[in-house]
Amino acid sequence: MKERTYITTTLPYVNAEPHIGFAVEIIRADIIARYRRALGEEVFFNTGTDEHGQKIYQKALELGLEPQAYVDQLAEKFKAILKPLGISEDINFVRTTDPAHIASAQAFWRTCDQNGFIYKKNYQTKYCIGCELEKTDSELVNGKCPDHPNLAIELRDEENYFFKFPAFGDKLLALYKERPDFVIPAERQKEIKALVERGLQDFSISRLKTKMPWGIAVPTDPEHVMYVWFDALVNYISVLSWPCLARAESEGGPNDLDNFNHWWLETGGAIQYCGKDNLRQQTAMWQAMLMAAGLSPSKQIVIDGFITSGGQKMSKSLGNVINPLEVVEKYDTDALRYFVAGELAMFEDSDFTWERFHEAYNAKLANGLGNLVSRVMKMAENYLAGPVEITKKEFPADYVKFLSEFEIGKAVDIVWQKISTLDLKIQQTQPFKLIKENKEEAVKIVTELVQGVGEIAKMLEPIMSTTAEKINQAIANNKMPAPLFVRKD
RNA sequence: CGCGGGGUAGAGCACUGGUAGCUCGUCAGGCUCAUAACCUGAAGGUAGCGGGUUCGAUUCCCGCCUCCGCAACCA
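Residue numbers run consecutively from 1 along every chain, following the written order of its sequence. Each chain gets a letter, beginning with A, and each ligand a number, beginning with 1, in the order they are written. This being a predicted model, a pLDDT of at least 70 is required before a residue's local features are given, and a value of 80 or more before pairs of side-chain atoms are given or counted; all residues contribute to the totals for chains, interfaces and linings. As a rule here, side-chain values cover all heavy atoms of the structure and leave hydrogens and water aside.

Focus on the overall build of chain A
Here comes step 1: Counting its regular elements, chain A contains 18 helices and 15 strands.
Here comes step 2: Principal-axis analysis of the C-alpha atoms gives chain A an extent of 90 × 60 × 45 Å.
Here comes step 3: Whether two residues are in contact is decided by their heavy atoms: any pair within 4.5 Å suffices. Excluding contacts between residues fewer than 6 apart, the proportion of contacts in chain A whose partners are at least 24 apart in sequence is 76%.
Here comes step 4: Separation of charge centres in chain A, based on 57 positive and 68 negative side chains, amounts to 4 Å. Secondary structure follows DSSP: runs of H or I at least 4 residues long count as helices, runs of E at least 2 residues long count as strands, and numbering of each begins at the N terminus. Charge counting treats Lys and Arg as positive and Asp and Glu as negative, with His and both chain ends excluded. Think of each charge as sitting on NZ of Lys, CZ of Arg, CG of Asp or CD of Glu.

Written out as C-alpha cells, the structure reads:
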C-alpha cells in the first residue's frame, strides 16, 4: 500500500489580513507536504479560514458589513496569498462557513452530546460597566478593568454549554506516554503533560445567540451558537466529510466513510502544524474532543514558535510588521521560502527583520547557491559535449532523518554544506585551468560537479521548487542559466 | 513560590564533565570558471551573576538577576 500523509495548518482567524506567522507556518507545512510527495507518498494537505466568533462579528459591525460579506472578503485574501508563497496547488482550502463544515460541526456536537460529554450550566461572566463589555481574566489587572480601575467588575450569570474536559485527563496522559513524539518538539509535550497533570476544568463551548449570533447553531438548542474554536477544530475532520454519511445504495460507489478512513483512520490522523499559542487547544482539548466523539487522536502536533521583529512582537503601533507579500515582491517566493526554512528557528521564537533577510539573501542565495550553479553550468556548457544525466535520485539519509523530525533548518544546512563542498572542489581541482592541459580529466570533474548540483536541486525540490526546476532545466539543456538570485545592495 | 523557554565572539545559533564550535558580518592574502562571487588565513568570547558537587564545569545541582511567551471561556 502506498504511504499516505495528511498534513494541515491551523486555520488562521480572519479578523485581520494574512500575516507573516501564517506564512511561515504554511510554508513549513508545504515543505513537509512536498517532501512526502517526493518520497512517493499520497498527500492530503489542508488549510483554510476560521470565520466565526465575536471578534469577527464586531469587526464586521465596525465596518458596517454583514459578517458573511466580511469573511468572504478575508477568505479571498487568504486564498490569494497561497500562490505568492509557493504553496502546493492541490492544497485543500476549507472555510468554517462552508455548509459541509457546518453540518459536520453540528454532527460532531451531537455525537459528543449523545456520548454524555456536553452539559449545560450557569456560568458567571465578568462584566465591566465602564466598557459595557464582558472581560476575560486575562484582560483584567488585579481583578479590575485596566481602563476603569475604579469600577467593580460585575458578575453576570449566563447559561452555557460545557464540555467535560476532566473526563479525558487520564486518557490524554496515556496518549502522551504511549507516543513520546506526539507533540513536536518534546519540550512542548512536557509542557502540556504538566498542564494536564495539574488538573483540567470543564470549558465552555457555546454562546448565547442573542449576544453573539455569528456562529454555528447548536443543533440541540436554537438559543445557542458554538463557541468559535469548538467549531474550528472540527475542520480537521470535516474536510474528510466526517461523519461520513453513507451514500444510498442506488447511488453506488464508495460512501463518504472511505474518505475519512483513507485519510484519518488509515494514516493515524493528521499532522497538525500550529503556533505555540495553540498548544492547549490542539494537543489537549481537540484530542479530548476526538475521544468524546469516539474517534482516534491526531497523528502529531508540530508547535512553531512566534515570529518577532527586532525582538518584539510585530504590531502596527511599533511599525515593525513584515508583510509576507512585500517580501515576495521585493525578493521572490523562493527567497522567502529559503529564509523561513533555513534561517528561522523551527520551534522557538525567532526574529524576522529586513536586515537579516537581506544578508541571508546575498550570502546564501546569490553568493552561495546562485553563484555555484552559474559557475558549474558555465563550465559544463563550455567543456561538455552534452547534458549530464543525474544518476543519484535519492535524498541523503541525514536529510531524510531531519525532515522526518520536522527539522527543516537542519535539512537546509545539509544542502548548503553540499554547496560549500562543491565550491571547494572547484578551487582545489581548478577545471578551468585543467581544461587546457588535461581535457579528459577536466571533463570528468565538471561532470561530477554537475552531478553534485543535481543532488542539490533534488534536495531543494520540497523547499524551493521553482529554483529546483530552473536548475534541473539548466542541467537538461547543459546551459548556464540566468542568475538564479541577483545580488542586491 | 503559577507554567514553559532563553541569556555562549558585532549578529544569528550549536555542541560538550577535560585546549569553546558553526553560519553571517569584519580585516588580510589567493584564484579568475562564476552574480566584486569563490578559496585560504586572521582578529574577535574570563559561555548573565553568585555558590556547590568534582582532580577538573560553559556542560551537573542550588540561589539570584534578566529577556520572551503562556496563564484556559481572546482566537
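Re the sheet that holds strand β14 (residues 312–313)
Here comes step 1: With mixed pairing, three strands are arranged side by side in an open sheet as β14-β13-β15. Each edge of the open sheet carries a strand with a single partner, namely β14 and β15 (350–351).
Here comes step 2: Two strands are counted as paired when DSSP detects at least two bridges linking them. Note: strand β13 (residues 307–309) against β15, two bridges, orientation parallel. In the strand pairing of β15, Ile307 is matched with Ser350.

Comments concerning the sheet that holds strand β12 (residues 300–304)
Here comes step 1: Across the sheet, six strands lie side by side as β3-β2-β1-β11-β12-β7; this open sheet has parallel pairing. The outermost strands of the open sheet, each flanked by one partner alone, are β3 (92–95) and β7 (183–184).
Here comes step 2: Relative to β3, strand β2 (residues 42–49) is paired through four bridges, and the arrangement is parallel. Paired with Gly48 across the two strands is Val94, which belongs to β3.
Here comes step 3: Packing of helix α3 (residues 67–82) onto the sheet brings it into contact with β2 and β3, and relative to β3 it is tilted by some 165 degrees. Axes here refer to lines fitted to C-alpha atoms; in helices the fit is confined to the stretch in contact. Angles between the N-to-C directions go from 0 to 180 degrees.

A look at the state of the cysteines
Linking two cysteines covalently through their sulfur atoms gives a disulfide.
Here comes step 1: By disulfide we mean two sulfur atoms from cysteines, separated by a distance within 2.5 Å. All told, the structure shown has zero disulfides when counted by the stated rule.
Here comes step 2: In this structure Cys274 is not part of a disulfide, and its nearest cysteine sulfur, from Cys112, lies 20 Å away.

Some details on the packing of helix α13 (residues 354–383) against helix α17 (residues 439–460)
Here comes step 1: At their nearest, the axes of α13 and α17 sit 9 Å apart, and the two run at 140 degrees to each other. Taken together, α13 and α17 sit at an angle that is classed as oblique. For the pair α13 and α17, the crossing hand works out as left-handed. Along the contact surface, α13 presents Leu369, Leu372, Val373, Val376, Met377, Met379, Ala380 and Tyr383, while α17 presents Lys439, Val443, Val446, Leu449, Val450, Val453, Ile456 and Leu460. Put simply, angles under 35 degrees are roughly parallel, angles over 145 are roughly antiparallel, angles from 65 to 115 are roughly perpendicular, and the rest are oblique. Should the near helix be turned anticlockwise from the far one by less than a right angle, the crossing is termed left-handed; should it be turned clockwise, right-handed.

Quick word on the domain arrangement of chain A
Here comes step 1: Here chain A is described as being made up of domain 1 (4–304) and domain 2 (354–477).
Here comes step 2: Inter-centroid distance (C-alpha atoms) of domain 1 to domain 2 is 42 Å.
Here comes step 3: Counting from both sides, the interface comprises 13 residues of domain 1 and, opposite them, 11 residues of domain 2.
Here comes step 4: Using a 1.4 Å probe, buried area is obtained as the accessible area two parts lose upon being combined, added over both of them. Surface buried jointly by domain 1 and domain 2 totals about 1100 Å² across both partners, of which 76% is contributed by carbon and sulfur atoms.
Here comes step 5: When residues of domain 1 are sorted by the area they lose upon contact with domain 2, Ile31, Arg34 and Tyr35 head the list and together hold 52% of the total.
Here comes step 6: Salt bridge, as used here: a side-chain nitrogen of Lys or Arg that lies within 4 Å of a carboxyl oxygen of Asp or Glu. If you look at where domain 1 meets domain 2, you find zero salt bridges.
Here comes step 7: Each polar contact in these results corresponds to two N or O atoms within 3.5 Å; when the atoms are within protein, one needs to be able to donate a hydrogen and the other to accept it, and residues that are neighboring in sequence are counted only if both atoms are side-chain atoms. At the boundary of domain 1 and domain 2, one finds one residue pair in polar contact (both at pLDDT 80 or more).
Here comes step 8: Breaking the side of domain 1 that touches domain 2 down by element, the ones donating at least two residues are α1 (20–38), β11 (271–275) and β12.
Here comes step 9: If one sorts the elements of the side of domain 1 that touches domain 2 by residue count, α1 sits on top with seven residues.
Here comes step 10: The nonpolar class holds Ala, Val, Leu, Ile, Met, Phe, Trp, Tyr, Cys and Pro. Asp, Glu, Lys and Arg form the charged class, and all remaining residues, Gly among them, are polar. Classifying every residue of the side of domain 1 that touches domain 2 by side-chain character gives nine nonpolar, one polar and three charged. An automatic or database domain assignment supplies the start and end points of every domain.

Regarding helix α14 (residues 397–404)
Here comes step 1: Here α14 has its buried residues at Tyr399, Phe402 and Leu403. Down the axis of α14, the buried set is contained in an arc of 95 degrees. They therefore lie on one face.
Here comes step 2: Next to the buried residues of α14 lie α1, α15 (408–429) and α17.
Here comes step 3: In the segment just after α14, Phe406 is the residue with positive phi, at about 65 degrees. For every residue, the accessible area obtained with a 1.4 Å probe (protein chains only) is divided by the maximum for its type, and the residue is called buried under 20%, exposed over 50%, and partly exposed between those limits. Each C-beta atom gives one direction from the helix axis, and the arc is the one those directions make.

As for the side chain of Asp30
Here comes step 1: Among the secondary structure elements, Asp30 is positioned in helix α1.
Here comes step 2: Given the relative accessible area of 0%, Asp30 is considered buried.

Describing the packing of aromatic side chains
Here comes step 1: Each Phe, Tyr or Trp ring, with Trp reduced to its six-membered ring, pairs with another whose centre is within 6.5 Å; inter-plane angles below 30 degrees give stacked pairs, above 60 give edge-to-face pairs, and intermediate values give tilted ones. Inspection of the entire model under this criterion finds 31 aromatic pairs.
Here comes step 2: Ring centres of Phe163 and Phe168 lie 5.8 Å apart, and the angle between their planes is 10 degrees; this geometry places the pair in the stacked category.
Here comes step 3: Relative to Phe357, the ring of Phe352 has its centre 5.9 Å away and its plane inclined at 10 degrees; by these criteria the two rings are stacked.
Here comes step 4: In this structure Phe357 comes out as buried when scored by relative accessible area, which is 1%.
Here comes step 5: An aromatic cluster of at least three residues, connected via ring pairs, comprises Phe108, Trp109, Tyr161, Phe230, Tyr236, Trp242 and Trp286.
Here comes step 6: Whether a charge sits over a ring depends on NZ of Lys or CZ of Arg being within 6 Å of the ring centre and within 35 degrees of the ring normal. Stacked on the ring of Phe162, the Lys or Arg Lys121 has its end atom at 4.4 Å from the ring centre.
Here comes step 7: Residue placement shows Lys458 over the ring face of Phe395; its charged tip is 4.7 Å from the ring centre.

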